[in-house]
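Structural features, examined
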Amino acid sequence: MRRFRMGLLAAALVLPASALPATAQPPQQPVFEDGEAQPVFDPEQVVREDLFVTAPVDSDRDGRPDEVHVQVVRPKETERGLRVPVVYQVSPYFSGGNEVQNHNVDTELYVPDTAGARSSGRAAASGRAALTAEITWDYEEYLLARGYAVVYAESLGTGQSTGCPTSGGKNETLGAKAVVDWLNSRAPGRDGAGKPVRADWATGKVGMMGVSYNGTLPNAVATTGVPGLEAIVPIGAISSWYDYYRADGAVVAPGGYQGEDTDVLAEYVYTRADREVCREVIDQLAAEQDRVTGDYNSFWHERNYLEDADEVRAAVLAVHGLNDWNVKTKHVAQWYEKLKANGVPHKIWWHQQGHTDPLRVREQEWLRELNRWFTRYLYGVPNGVEGEPRATIQREDGTWVQEREWPAPGVREQKLYPLPGGNQRGGLTSIAAAPNVVEEFTDDATVRAEELVAAPESANRLAYFTGPLADPMRVSGTVEARLALTFDRPAANVTALLVDRAPDGTTSIVTRGWTDPQNRHAIDRTSPIEPGEQYLIDVSMQPDDYVFAPGHQVGVVVLSSDHDFTLRPSPGTGLQLDLERTHFRLPVVSP
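Residues numbered from 1 in each chain as written. Predicted model: local features only at pLDDT ≥ 70, side-chain atom pairs only at ≥ 80, totals over all residues. Heavy atoms only, no water.

Named according to an unreviewed UniProt entry, the protein is Xaa-Pro dipeptidyl-peptidase originating from Saccharopolyspora rectivirgula. The Catalytic activity (unreviewed entry) comment attached to the protein in UniProt states, word for word, "Hydrolyzes Xaa-Pro-|- bonds to release unblocked, N-terminal dipeptides from substrates including Ala-Pro-|-p-nitroanilide and (sequentially) Tyr-Pro-|-Phe-Pro-|-Gly-Pro-|-Ile." (UniProt positions renumbered as here; feature names shortened; annotations may be inferred.)

Ranked by internal contacts, the top residues of the largest apolar core, which has 108 residues, are Tyr88, Trp201 and Trp366. Other than its neighbours up to four places away in sequence, Tyr88 contacts Val151, Ala153, Ala176, Val179, Val180, Val206, Gly207, Met208 and Met209. Listed in part, the 35 residues of the second largest apolar core include Ala434, Ile529, Phe548 and Leu577. (Core = buried A, V, L, I, M, F, W, Y, C linked by side-chain atoms within 4.5 Å. Buried < 20%, exposed > 50% of the residue type's maximum accessible area, 1.4 Å probe, protein only. Contact = heavy atoms within 4.5 Å.)

Within this structure, the stated rule accounts for 24 aromatic pairs. Between Tyr213 and Trp241 the ring centres are 5.3 Å apart and the planes differ by 65°, which places this aromatic pair in the edge-to-face class. Of this pair, Tyr213 sits in helix H3 (residues 213–222) while Trp241 sits in the loop between strand S10 (229–235) and helix H4 (242–245); the two residues are 28 residues apart in sequence, bridging distant segments of the chain. By relative accessible area, which is 3% here, Tyr213 ends up buried. Consider the rings of Tyr242 and Tyr296, whose centres lie 5.3 Å apart with planes at 75°: the pair is edge-to-face. Placement of the pair is Tyr242 in helix H4 and Tyr296 in the loop between helix H6 (279–288) and helix H7 (298–302), with a sequence separation of 54 residues. Judged by its relative accessible area of 16%, Tyr296 is buried. One aromatic cluster in this structure is built from Tyr93, Tyr213, Trp241, Tyr244, Tyr245 and Tyr268. Sitting over the face of the ring of Tyr142, Arg146 holds its NZ or CZ atom 3.6 Å from the ring centroid. Geometry around Tyr270 places Arg275 over its ring, the cationic atom sitting 4.3 Å from the centre. (Phe/Tyr/Trp six-rings, centres within 6.5 Å; stacked < 30°, edge-to-face > 60°. Helix = DSSP H or I, 4+ residues; strand = E, 2+ residues; numbered from the N terminus. Lys NZ or Arg CZ within 6 Å of the ring centre and 35° of its normal.)

Turning our eyes to something else, we now look at the pattern of salt bridges. Close approach of charged atoms allows side chains with opposite charge to pair. Taken as a whole, this structure holds 34 salt bridges when the rule is applied. In this structure, Lys340 and Glu337 form a salt bridge, with 2.8 Å as the shortest nitrogen-oxygen distance. Of this pair, Lys340 and Glu337 both sit in helix H8 (residues 330–342), three residues apart, roughly one helical turn. Looking at Lys340, the relative accessible area reads 24%, which means it is partly exposed. Owing to a relative accessible area of 38%, Glu337 belongs among the partly exposed residues under this scheme. A network of salt bridges, in which partner residues are shared, links Arg395, Glu396, Glu403, Arg474 and Asp545. (Salt bridge = Lys/Arg side-chain N within 4 Å of Asp/Glu carboxyl O.)

So, on to the packing of helix H2 (residues 170–183) against H3. At a minimum axis distance of 9 Å, the contact between H2 and H3 shows a crossing angle of 80°. Between H2 and H3, the crossing angle belongs to the class labelled roughly perpendicular. Contact with H2, carried on its side by Glu172, Thr173, Ala176, Lys177 and Val180, involves Tyr213, Leu217, Ala220 and Val221 of H3 and no other residues of that element. Looking at the contact of H2 with H3, its residues break down into six nonpolar, one polar and two charged. (Axes fitted to C-alpha atoms, helices over the stretch in contact; angles between N-to-C directions. Parallel < 35°, antiparallel > 145°, perpendicular 65-115°, else oblique. Nonpolar A, V, L, I, M, F, W, Y, C, P; charged D, E, K, R; others polar.)

So, on to the domain arrangement of the protein. Each assigned domain of the protein is listed here: domain 1 (42–101 + 133–403) and domain 2 (411–589). Centre-to-centre, using C-alpha coordinates, domain 1 lies 35 Å away from domain 2. On the side of domain 2, 25 residues touch domain 1, which itself brings 25 residues to the contact. Buried area between domain 1 and domain 2, both sides added, is near 2,200 Å², and the carbon and sulfur share of it is 53%. Linking domain 1 with domain 2 are two salt bridges. A salt bridge links Glu403 to Arg474, with the nearest nitrogen and oxygen atoms 2.6 Å apart. Linking domain 1 to domain 2 there are 13 residue pairs in polar contact (both at pLDDT 80 or more). Those elements that provide at least two residues to the side of domain 1 that touches domain 2 are strand S12 (250–251) and H8. Here the side of domain 1 that touches domain 2 is composed, by residue class, of 11 nonpolar, six polar and eight charged. (Domains from an automatic or database assignment. Buried area = accessible area lost by both parts, 1.4 Å probe. Polar contact = N/O pair within 3.5 Å; in protein donor to acceptor, adjacent residues only side chain to side chain.)

Set out below in structure tokens:
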């Protein structure tokens, strides 16, 4: 791995010019002050070029290697010998999307040994073919002005790229990786006329960045350990596609997209001109994703980047919204834990919004953070960013704090036990005190969780609350519920919520989790439920970092189906909770 080394850091720092004839005017060089690249290049004076990079995969099965459509935007000075690093965004969305129909979620749950599978309710994409316009990005001018080239690529099966979309499959990783290889002279590229194109203007150092799917592909490429990928900035990104569309065996939707699955997403982004070549591939996604049992299988294993996290060599600046219910917080939390164990440079930003870019949240501070990250790892300027606090967290009141690491250092487990009265509001205490108490509730997927939480009484959930807090209490990490449950039917959803109840009685859901009790032993194995028999069911809620204010009450609510996330069977399944064998574990730390 090539690194730029220097023995002295000055207030201002300029990289030496490339060797040029004595009569030539040397090109502008990057300038650094206080560890940040400065805007010394004119972002209007650029070279733009379209090309196609060969990928080492034939995912559309046409007998030819897939090609990735690439657009390059680089400072004009690169025409005069300047070599620059690259910030690279790959996306399936640059050419828009198709009209699609999601799966039907108002359906009965799977019972082992019953005949037939549910109808998918999936519709094919409309027959539009996109033509990619000039691609741009909110970060483009900022990066160009500071001496970076910006490279865009259309993911396989989208826009002008060939191949097929597979919602996180290995072919998408290889297609995106091929561009990093091209930037390091390891993969061929050509222009529209077939003429070879080389990236002789590039230093070979690449950073990848993006939001959502565009942030997930950097995670995927980083797991290949590809040389030249020095940094990634995944924002609201997936780390395991199983955890995007499933939860411990339960079929669970990304927030706002009930009924979406890998086949639907692939249909949406399938915008290449040939409308038939990928039909078989997308039908295969529909068959292998298994919306019947919800079990983890080889299909999902291929899309689990955690399995190869030990291959990551790039420095990772991860960003996620604490209220992101599209790509849920588990994705970044488990990815971050793997990175820490792997010893790669890592940092995390948590903000209070949902599925969004931090540019919309804290623009100037975010751009400074991003600048320092890329200055350190793409230009090799030793600005000390790796020695700074690794966690930046926005608190509920909008203020920001920096901490040494995340979850918060010093976190400890607080175990809480339910007290009788859950159909109204039972108690929640640190001392187990409910022997021989069993409480009942009935599933009704037509009622939203927020309504059940706010209701003073309900037969469709059990709610337990502490008394008003004397001091603030911070939760940092993953809340776990152990539920002793009995079912009157052989299939049910199980949902657990962490709730904040304010002094005026208003409630808000802090975090939530789901499971299929048929997967109580393993996520890759369905085990039948015997009605009337009691089972210990564990539910992991989505990781969070939340401060309960003094005077507020900490609550846990248990229900069956979660209208906005799980499948929605007909109402009526009865559940019983044995309070004596039930508890909740909260990772707490002093605020």
